[in-house]
Amino acid sequence: MFLSGAQLKEVFQKAKKQRFGIMASNVVFDTQIRAIIQGYNSVGSDGLMQMSSGACKYAAGESQDIKAGAQLISTMIKTFAAQFPKSGIGLHIDHATPNYFDFIVYCVENKLVTSVMIDASKESLPENIRITKEVVDLAHKHNILVEGEIGHIKGTEDEIVSETELYTHPEEALEFVKKTNVDLFAASVGTNHGVSKGENIILRLDLVKEIDDLLIKNGVERGLVLHGASGLTDEQQREAIKNGVVKINKDTHYQMDMAQEIQAYWEKEKYAIVCPPDMDPKAYVPNKGKFDPRKWLIKGENKMQETVKGFCLVSGSANNSILL
Ligand SMILES: [Zn+2]
């Protein structure tokens, strides 16, 4: 079922207390939405769906009307999630930069989402705090959670491009959390947006623990968020969760799943849509039973569903839904 903001808060509090992680999966299409919600549900897990500003524009088609796109994605998720009473589903806005402030207001006031990330990490710290606090004040009035970030996460994610990696300073994290009252804090600890390999990342999981310990010591414990987690090994993710991470963002991995499965299908079934070289084109009949989009999109969908199940088993969210 689709969670309220208050229920999502409960999800993260449980995760933090019991030290497991909630997956946050980026989606645009209905096929991804089905795969991921069914995946969460099949293992008794709660989970988040995330939409970026770019995803919302894409969903709206030629108009690029970001609000219409958000409305569409939110409606699909709410309608689909209603079929599963034992798996709590939230919808989060991923990386909304300050120029999307009006968009955040629209999504919050129309209850399209359960949580939102304001990413003012490119601003100075005082300016980041001012903007983030403004979003927190508005969102909390509507019982919607807010994620904030300081430092940059290297790489490319949708419309967010950062060439540099700035590790989060724990003292700044403390100041930021205290002054903004964000519910979730995204720390920059060496993960990479986009394609990367776990072995090559200079991951500072010790920094996650340092930030978590400092926040707890000062009476402002929060759920920490790990961005760019597609390239991390299972062990690295478990370590991050043990150190205080409750939300793990995944995007790239699902995109690869979809592309690889569909590529494999068409490699095998090529002659369902292409005339074989040794055949007279006049005699060739394409095979509708193979090129119906439902026949090949489902391959990617099934793979993503298996992937998300695996993620929930690694993160420990399986069989831990607050609705069970
Ligand atoms: Zn991110």
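### A short note on the nonpolar core
The nonpolar side chains of a soluble globular protein tend to be buried, and buried together. Within the largest apolar cluster, 80 residues are counted, with the highest numbers of intra-cluster contacts made by Ile37, Met49, Met51, Ile77 and Phe185. Element by element, the count of residues in this core is highest for helix H6 (residues 125-141), at seven residues. Setting aside chain neighbours within four positions, we find Met49 in contact with Ser25, Val27, Ile33, Ile36, Ile37, Tyr40, Ile77, Ile89, Gly90, Leu91 and His92. Val11, Ile22, Ala24 and Val225 belong to the second largest nonpolar core, which has 16 residues in total.

### Side note on helix H9 (residues 234-242)
Taken together, the buried positions of H9 are Gln236, Gln237, Ala240 and Ile241. End-on view of H9: buried residues confined to an arc of 135°, all on one side of the axis. In this structure, H9 carries Glu235 and Lys242 as exposed residues pointing more than 90 degrees from its buried face. Buried-residue contacts for H9 involve helix H8 (205-217), strand S10 (223-226), strand S11 (245-250) and helix H12 (293-315). Immediately beyond the C-terminal end of H9, within one or two residues, lies Gly244, with a positive phi of roughly 125°.

### Let's talk about H12
Between the first and last C-alpha of H12 there are 33 Å, a value that for 23 residues agrees with the 33 Å anticipated at 1.5 Å per step. Of all the residues in H12, the buried ones are Gly300, Glu301, Met304, Gln305, Thr307, Val308, Phe311, Cys312, Val314 and Ser315. Taken together, the buried residues of H12 touch strand S1 (22-26), helix H2 (30-42), H9, S11 and helix H10 (252-268). Backbone geometry just downstream of H12 places Gly316 in the positive-phi region, at approximately 90°.

### Some details on the pattern of salt bridges
The final tally for this structure, using the stated rule, is 21 salt bridges. The partner of Lys242 in a salt bridge is Glu239, and the shortest N-O contact between them spans 3.9 Å. Linking Lys242 with Glu239, this pair stays in helix H9, spanning three residues, or about one helical turn. The network of salt bridges with shared partners includes Lys16, Arg19, Asp212 and Glu221.

### Some points on the pairing of S1
In terms of burial, S1 is largely enclosed, as five of its five residues are buried. Along S1, one buried face is formed by Ile22, Ala24 and Asn26 and the opposite face, lined by Met23 and Ser25, is buried too. The pairing of S1 with S11 spans four bridges and is classified as parallel. Bridging across to S11, Met23 finds its partner in Ile248. Pairing geometry for S1 and strand S2 (residues 47-52), over three bridges, is parallel. Residue pairing in the sheet places Ala24 in a bridge with Leu48 of S2.

Calculation rules
- Residues numbered from 1 in each chain as written.
- Predicted model: local features only at pLDDT ≥ 70, side-chain atom pairs only at ≥ 80, totals over all residues.
- Heavy atoms only, no water.
- Core = buried A, V, L, I, M, F, W, Y, C linked by side-chain atoms within 4.5 Å.
- Buried < 20%, exposed > 50% of the residue type's maximum accessible area, 1.4 Å probe, protein only.
- Helix = DSSP H or I, 4+ residues; strand = E, 2+ residues; numbered from the N terminus.
- Contact = heavy atoms within 4.5 Å.
- Arc of directions from axis to C-beta.
- Expected span 1.5 Å × (residues − 1).
- Salt bridge = Lys/Arg side-chain N within 4 Å of Asp/Glu carboxyl O.
- Pairing = 2+ DSSP bridges.

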